[in-house]
Every structure is written in structure tokens, then in C-alpha cells.
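# Reading the structure
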Amino acid sequence: MGKPDETMTTGVVATLLKFVRRCIIAVLSYGPMLGHIAFIMDGNRRYAKVRSMKEGTGHRMGFSALIASLLYCYEMGVKYITVYAFSIDNFKRDPSEVQYLMELMEEKINELLEKRDVINKVKCKINFWGDLDMLTEPVKLAAQKLMASTAGNNGLVFSVCMPYNSTSEIVNAVNELCAERRDIAHKEHLGNCNGHAANNGAHSDISVADLDRHMYSHGCPDPDIVIRTSGEARLSNFLLWQTMFTHLQNPDPLWPEFSLRHLAWAILQYQRVYPYLEQNKKLAKKQL
Amino acid sequence: MGTKAMDAFVANETPVFMNKPPPHVFKLMSLPSAVLNLALGSLWCIIHVVISLFSLFSHLTFNLECFLISSGLLRKYRNLQLSRIKYLAIVVDSREAKNTVKINQLLCWLKTLGVKYVCLYDIDGVLKKLFEPSMNGSKDEKSGDYLDVSANIKALDGCHRAMTLECISGSDGKEGIAKAANLLCSTYLNGDRSGHENVKSESVFTETDMASALKSVGCGGPEPDLLLVYGPARCHLGFPAWRLRYTEIMHMGPLKSMKYGAIVKALYNFSKKHQNYGK
């Protein structure tokens, strides 16, 4: 087969696949669609091991799978996407692997910084949730730069949890709340000294809503589904506060194998339990 | 998808971002939208009907497997190793939790299997109220809500071993964390007031501090190794976050169709799990 024929065939196949994909998305969109999807990208190392590749290759393929999933989610109209990129527990791994992951994250964040114009054109906002001080300096700076450059966007919200733990997020919220109340208490004290009326901000009990305001996820709705690939059944300290009425799914494929058909299946499963979850959310709201 | 193919796909599809608005509403120019809507709706319904049929078939197969497990015909489930399960938690949908017969039967099964510690959770506190009369008499303030309910279970046949039962509800979840946060904050603010007023020290509470605070407000408790969810969906319904970090979560289906074999299978599958804890 000559090269022009090959190119034409590839072009036709690509167009056909695109059409099929659009049809699948159109059918899925008839039912209740997701507002927020979260991924625990598990299985990169196993993927590399099974295929006798270098461990790092698994993580790189995982990144490609992430970008593809982001594009599919965007096409489906999912507005919030959150991924568990690096857990605080992952620092316990072999130092060489941690170093590799840090370098990979720095490389990918810098690539995204180079494509800033594209990202801003589609109004994608990128957040980094976690204790950024635990990252190496270059990664931290790159992450802060990317967050700052997309902060004004109001389209797709892509949140990367790194390095993140749900319990650490809760403690961080408590610390911020304490600092806020301390400041209010100081202002009250000064207000009292100057004869101004005091408010009761520092004296009321802390509520769930107060803690919500200081979570990294403040401003994002709770996830509709959390997908953990490679079939593992635990959350591993991910979004424990935010997943009260979230459908937890654990499909068997490893993260680099996660593709449109797995995503479509996940959405179909979610649509089956949607009435139950909505009912529970409404009941919970009524009780507040 | 190979790496090169994936990268090529990504390179091809990025223009989607550039030129078009979110394309999730797909319009064919030549057909009226009402007909298109009807076609999409019909396809969607058909897909869900097909999934439901497959689900029914797999449910029937699962029921058969549970029957075989209960009868002891499947060898691998005969000698269950429960050494790794120190704490088991059960999340029940609050509407199903009112079915006291099923709850007691479930507890009896777990006792028979040799589970030593069970934590029952439902968001509305139905289970707490259910076991409240027997708990009030023997509540040990120091150890929280732990209680030996062999008295409750002894009434059922075939249950001889002692089992510790804990009942928690939605108020022990986020609200419990808020109470603990309140405790920490008051300690901090009181310390701030009694110390040097002009020195602004940042609060640096750690996860250990939070865990102690949770224990002080009565929301401490062991982290379950395994959580069984009884309800229509695999959803933890607000189970206390601090106790859910590395817990294996398994969905068991509705409580009304619970099976002894399903519990055995879940415990067996758990015994085969291996956790890295982040490593």
C-alpha cells in the first residue's frame, strides 16, 4: 500500500472513530450526566511490570491515559475533574522512584505551562490540592505558576491532588480556621478597646460549613463518582470528607488501560444508581 | 493504545479545545431535533434494559454461588482465615436499617463466622436507637460506645461467641470532626489569650492531635479493616472519615436480599488482599 493510501485509510478510520465516540457521548448524555468525576490512578507500576517495561514507563503511559480521559470528560460536559496524582504516603516509596515521579510531574507541569494559551482559550482552571511545601522546589514553583496563570478561568476545573491526604486536608482546614478565629478574636479585642461593638465570630461553635470553607475543594461540588482503577476497593485517604454520597467504583483495568469504553461503563453504572443517590442528598439537605 | 498512538490521538484531539464550545450536545444538521432526541432516548433506554438483564443474570449466578458456599460445597471457602479482620464495619441504608430481623440475623451470622468486633453505621442513627436500650445500661464512658451484646444475640440460635458491637451514625462523621475541631480551636484560642497577646503563633495541629481530639469528643474508635455496604449503591454515606482511610469497601447489595454465602465470599476476598499503604 502506498503512503497516500495509508494516510487516507488512517484518516477515514480516525474520522469514523470520532463519529462513533460522539454518538456514544450523545446517547449517554440523554441520561443524568456527571458534574464532578474523581480518579484514583492506580496500577501504573503493575502495568509496567506485567509488560516487562521500566517502572517509569508505566507512569508516563498513565499520564497519556489521564490526558485522554480529560478530553473525553470535557467532550461529555463534565465540569470538574479531580485526580489523585500523589499521596503523602507515597513519599514512603523508594527515593529513586519518588525522585522520578517529582521529575515527571515537573516535566508535565512545564509542558502545560508551555501550552498555557491553549488552556486559557478553553478556560480550563487548574488547581493543585495538597501540601505543596512537601514537594521539591522546582515542582512547587511550577505548580504555583500554573495555578496562578489559570486562576481566572471559569470553564473546566481540573484539580490535581499532590501531595494529598484527606486527613491532612482536614487538619489543614482546622489550622486555617483556628488562625481565622484568632484574627477575629484579636480584632474583637481591639474593637472592645476602642469601644466598638464586638461580633461573635470567634465564639460560635465550629460547624461543618466552617470546615467546608477551608477545604481545598471549597468551590467544587462533591464528586459524583470516584473511580479507582486496578480493582482495589479502598479510598486510601482520598476525598473522605467529600464522598458522602459519591458512587465508589473500582473497575479492574489498570490506569494506563483506562479508556472511553471504561468511562462510558462507569457513567452507565452511575446513571443506574443516580435516583438513589439524589434521594439521599435531598434527605440530607432537608435535615440541615 | 500504544504510547505513540495515544500521543497522536491527543495531538489530533487538542484542536477540539481550540475551536469548538463544549461539544457534549451533539447535533446532526439534517434531522429535526425532536426525532433525534427520541432516537437517543430509545437507544439509552435499550442500553439500560440490556444492562439490567445482564445484571439480573449475574445476580442469579451470584445467588447460586452463595448457595454453594453456604452448603460447604466450594472447598476454598470452607476454612476462612479471619486473623486479618480485627474490626468489621457495616454501612446500612437507613430505610433498610429499620428491618430489625435482618440486622439481628446479620449480626448472628457474623458472630457464627467468628468476627470479634462489628461497627454498625447508618446515616440517620436508626441502628443507634435500635440498640440504645441495651447500650444505656452498660455504657463504658472511657471506651466510647463499645458494648458486648452477647445478651442480644444469645436469643438467636447458633450464636455462642462474644462479639463487641458499636453503633454510630452520621453525627459521628462530619459533625464529630467539627466537634473535635472546636475542641482544638478552643484550646488554641484559650492558650493564645492567656499567653502573650502580641505574639502571633500559628496553630500547628497535627493528625495525631486531631485523632486525640476525636477520641475526647467520643468519636474515636478503631479503623475497620473491611466495610460492607448494604444498600442499592456502593457509597459510604458519610462513615467517619478518620476511620475510613485504608478500609476495604465492598458492596453487598440491598439488606433484604443479603446472603450468608456473600459474606463468606467477601471475607475470603478480603483475606487475599494485599495493601502497600502508599509504598
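Calculation criteria
Residues numbered from 1 in each chain as written. Chains lettered and ligands numbered in written order. Predicted model: local features only at pLDDT ≥ 70, side-chain atom pairs only at ≥ 80, totals over all residues. Heavy atoms only, no water. UniProt positions renumbered as here; feature names shortened; annotations may be inferred. Helix = DSSP H or I, 4+ residues; strand = E, 2+ residues; numbered from the N terminus. Buried < 20%, exposed > 50% of the residue type's maximum accessible area, 1.4 Å probe, protein only. Contact = heavy atoms within 4.5 Å. Areas by Shrake-Rupley, 256 points an atom, 1.4 Å probe, with all protein chains shown as cover. Phe/Tyr/Trp six-rings, centres within 6.5 Å; stacked < 30°, edge-to-face > 60°. Salt bridge = Lys/Arg side-chain N within 4 Å of Asp/Glu carboxyl O. Pairing = 2+ DSSP bridges. Polar contact = N/O pair within 3.5 Å; in protein donor to acceptor, adjacent residues only side chain to side chain. Expected span 1.5 Å × (residues − 1). Bend = angle between axes of the 7 residues up to and from the residue.

Its UniProt record, at the heading Cofactor (unreviewed entry), says of chain B: "Mg(2+)". Its UniProt record gives chain B the following Sequence similarities (unreviewed entry) comment, quoted word for word: "Belongs to the UPP synthase family."

An unreviewed UniProt entry annotates chain A as Alkyl transferase of Lolium multiflorum. The annotation that UniProt attaches to chain A under Sequence similarities (unreviewed entry) is "Belongs to the UPP synthase family."

Our next topic: the overall build of chain B. Tallying secondary structure elements over chain B gives 9 helices and 6 strands in all. Split into buried and exposed, the 279 residues of chain B put 45% on the buried side. Look at the contacts in chain B between residues 6 or more apart in sequence, and 71% of them connect residues 24 or more apart. By element, 59% of the accessible surface of chain B is carried by carbon and sulfur atoms, the whole surface being about 14600 Å².

All right, on to the packing of aromatic side chains then. Residue and element names in this part refer to chain A. All chains considered together, the criterion is met by 15 aromatic pairs over all chains. Consider the rings of Y84 and F238, whose centres lie 4.5 Å apart with planes at 15°: the pair is stacked. Of this pair, Y84 sits in strand β2 (residues 80-84) while F238 sits in the loop between β5 (225-228) and β6 (247-249), and the two are 154 residues apart along the sequence. F238 carries the same exposure label as Y84, and that label is buried.

Evaluated as defined, the whole model comprises 27 salt bridges over all chains. The shortest N-O distance in the salt bridge between R46(A) and E232(A) comes to 3.2 Å. On the criterion of sequence distance, the pair formed by R46(A) in helix α2 (residues 44-50) and E232(A) in the loop between β5 and β6 is long-range, its members being 186 residues apart. Judged by relative accessible area, E232(A) falls into the buried class, the value being 12%. Look at the salt bridges and you will find they share partners, linking D42(A), R46(A), R228(A), E232(A), R234(A), E248(B) and K273(B) into a network.

Residues and elements named next belong to chain B. Where burial is concerned, most of strand β2 (residues 117-122) is hidden: 6 out of the 6 residues are buried. The two faces of β2 match: Y117, C119 and Y121 on one face and V118, L120 and D122 on the other face are all buried. Relative to strand β4 (residues 164-169), β2 runs parallel, the two being bridged by 6 bridges. Looking at β4, one finds that D122 is bridged to S169.

In this section: the side chain of R181(A). Tracing the backbone shows R181(A) in helix α7 (residues 166-193). Of note is the side chain of R181(A), whose polar atom sits 3.2 Å from the side chain of D210(A).

Okay, the UniProt feature "transmembrane region" (unreviewed entry) in chain A next. Here, UniProt's "transmembrane region" (unreviewed entry) annotation points to residues 19-41 and 62-86 of chain A. For residues 62-86 of chain A, the end-to-end C-alpha separation is 13 Å, with 60% helix and 20% strand making up the annotated structure.

We now examine helix α9 (residues 260-271) of chain B. Residue and element names in this part refer to chain B. Between the first and last C-alpha of α9 there are 17 Å, a value that for 12 residues agrees with the 16 Å anticipated at 1.5 Å per step. Counting buried positions over the 12 residues of α9 gives 9, a clear majority of the element. In this structure, the buried residues of α9 make contact with α2 (33-70), β1 (88-92), α4 (100-113), β5 (226-230) and β6 (248-253).

Let us look at helix α9 (residues 260-287) of chain A. The first and last C-alpha atoms of α9(A) sit 38 Å apart over 28 residues, in line with the 40 Å expected at 1.5 Å per residue. Remark: the principal bend of α9(A), roughly 55°, maps to V273(A), with a proline, P275(A), within the next four residues.

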